[in-house]
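Structural overview for review
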Amino acid sequence: MERSTQKVYELGAVNEQELCSWAKVLGECLRGGELLLLEGELGSGKTKFVRCVAQSLGIDETVIRSPSFTIVNVYPGSVLTLIHADLFRLSSAEEAWDTGLMEMLDSKSVVAVEWPELIMKDLRETKTIIVELSLVDSSHRLVSVFVDSELDYLRESLDKYFERFSGGL
Ligand SMILES: Nc1ncnc2c1ncn2[C@@H]1O[C@H](COP(=O)(O)OP(=O)(O)OP(=O)(O)O)[C@@H](O)[C@H]1O
Ligand SMILES: [Mg+2]
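Residues numbered from 1 in each chain as written. Chains lettered and ligands numbered in written order. Predicted model: local features only at pLDDT ≥ 70, side-chain atom pairs only at ≥ 80, totals over all residues.

**Section: the overall build of the chain**
For clarity, the threshold we go by: For the purposes of this entry, the term helix denotes a DSSP run of H or I that reaches at least four residues, the term strand denotes a run of E that reaches at least two, and both are numbered from the N terminus. In this treatment the radius of gyration is a C-alpha quantity, and the globule benchmark scales as 2.2 Å times the residue count to the 0.38 power. Think of it as a crowd count around each C-beta: if 20 or more other C-beta atoms lie within 10 Å the residue is buried, if 12 or fewer it is exposed, and in between it is partly exposed, with C-beta placed from the backbone throughout.
Across its full length, the chain carries five helices and seven strands. Helices and strands in the chain line up, N terminus first, as β-α-β-α-β-β-α-β-α-β-β-α. On C-alpha atoms alone, the chain measures out to a radius of gyration of 15 Å, which is about the 15 Å that the 2.2 N^0.38 rule sets for 169 residues. C-alpha atoms of the chain, sized along the principal axes, occupy 45 × 35 × 35 Å. The buried share of the chain, taken over its 169 residues, is 36%.

If you want it as structure tokens, here you go:
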């Protein structure tokens, strides 16, 4: 994965409500076919972020369960279908690709992957958004969002959003 072609949006340290608001804004900008990779330590808020993105896809966030054990969960939404994966329990890239996860990505769906490291090296997908989360304290997370150059519509929307709120909410 090349990060040089990506634009980074630094959200700074946000509380849970702010993180959710940002995730919803991002979710509203999605058109289908995007791959969302969520990196961050245990409990950093990856599933929380996906729950909030899901709301913007027309999915009731309370139905979203962590896919730690099922590995892949599929939620049809009124806007787009969410494919939500967690590769933490897998041990090889082969196992990760064998989930068939990437074959589920089409123009009417969004794939969100927690613990994506196993697939990152061989990714050919270019409509990629990387969300990096890290713990600041018990109620704050540092959030950076990397957006691929191919996702110009998303960059435009996020740029406008940042200008309007000067990076805040
Ligand atoms: N600012 C914050 N943003 C997100 N979550 C927060 C924040 N502050 C506290 N939390 C709490 O941190 C926890 C994050 O849990 P979550 O399951 O989303 O993490 P995760 O990164 O998916 O973990 P795992 O690696 O185990 O899948 C939740 O209990 C949430 O309430
Ligand atoms: Mg999780």
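That was the structure; now back to the text.
**Examining the sheet that holds strand β5 (residues 109–114)**
Counted only if it meets this: Two strands pair under a simple rule: DSSP has to find at least two bridges between them. To get an axis, fit a line to the C-alpha atoms, keeping to the stretch in contact for a helix; angles then go from 0 to 180 degrees between the N-to-C directions.
Ordered in space as β1-β7-β6-β2-β5-β4-β3, the seven strands form an open sheet in which the pairing is mixed. One side of each edge strand has no neighbouring strand; the edge strands of this open sheet are β1 (7–14) and β3 (72–75). Adjacent strand axes in the sheet meet at a mean angle of 15°, parallel and antiparallel pairs treated alike. Bridge count for β3 against strand β4 (residues 81–86) is four bridges, and the pairing is antiparallel. Across the sheet, V72 pairs through a bridge with A85, a residue of β4.

**Concerning the site of ligand 1**
We count it as follows: Residues are classed as near a molecule or strand if the C-beta position derived from their backbone is within 6 Å of it.
Around ligand 1, the surrounding shell holds 19 residues, and the nearest of these are E16, G45, K46, T47 and K48. Contributing elements (two or more residues each) for the shell around ligand 1: α1 (16–29), α2 (46–56) and β7 (140–147).

**Structural notes on α2**
Residues spaced three or four apart along an α-helix point in a common direction, a consequence of the helix completing one turn every 3.6 residues. We apply this condition: For the purpose of contact definition, each residue receives a C-beta atom placed from its backbone, and two residues are in contact when these atoms lie within 7 Å.
Across the 11 residues of α2, nine count as buried, placing the element largely inside the fold. Against α1, β2 (35–39), β3, β4, β5 and β6 (128–137) lie the buried residues of α2. At the exit of α2 stands G58, carrying a positive phi of roughly 80°.

**Quick word on α1**
Here is the rule we go by: Working rule for helices: expected span equals 1.5 Å times residues minus one. Summarising the geometry, the arc corresponds to the directions from the helix axis toward the C-beta atoms.
The terminal C-alpha atoms of α1, which comprises 14 residues, lie 20 Å apart, in line with the 20 Å expected from a rise of 1.5 Å per residue. Every buried residue of α1 is accounted for by L19, W22, A23, L26 and G27. Angularly, the buried residues of α1 cover 140° about the axis, an arc narrow enough to put them on a single face. On its buried face, α1 is in contact with β1, α2 and β7.

**What about the environment of I130?**
Here I130 lies in strand β6. Sequence separation between I130 and L38 is 92 residues; the distance between their C-alpha atoms is 6.0 Å. The residues contacting I130, other than those within four sequence positions of it, are L37, E39 and F146.

**A look at unusual backbone geometry**
A positive phi angle, close to 70°, is found at I71, a residue other than glycine. Its place among the elements puts I71 in the loop between α2 and β3. If you check the backbone angles, W115 has positive phi at about 50° while not being a glycine. Classification of W115 as buried rests on a count of 20 C-beta atoms within 10 Å.

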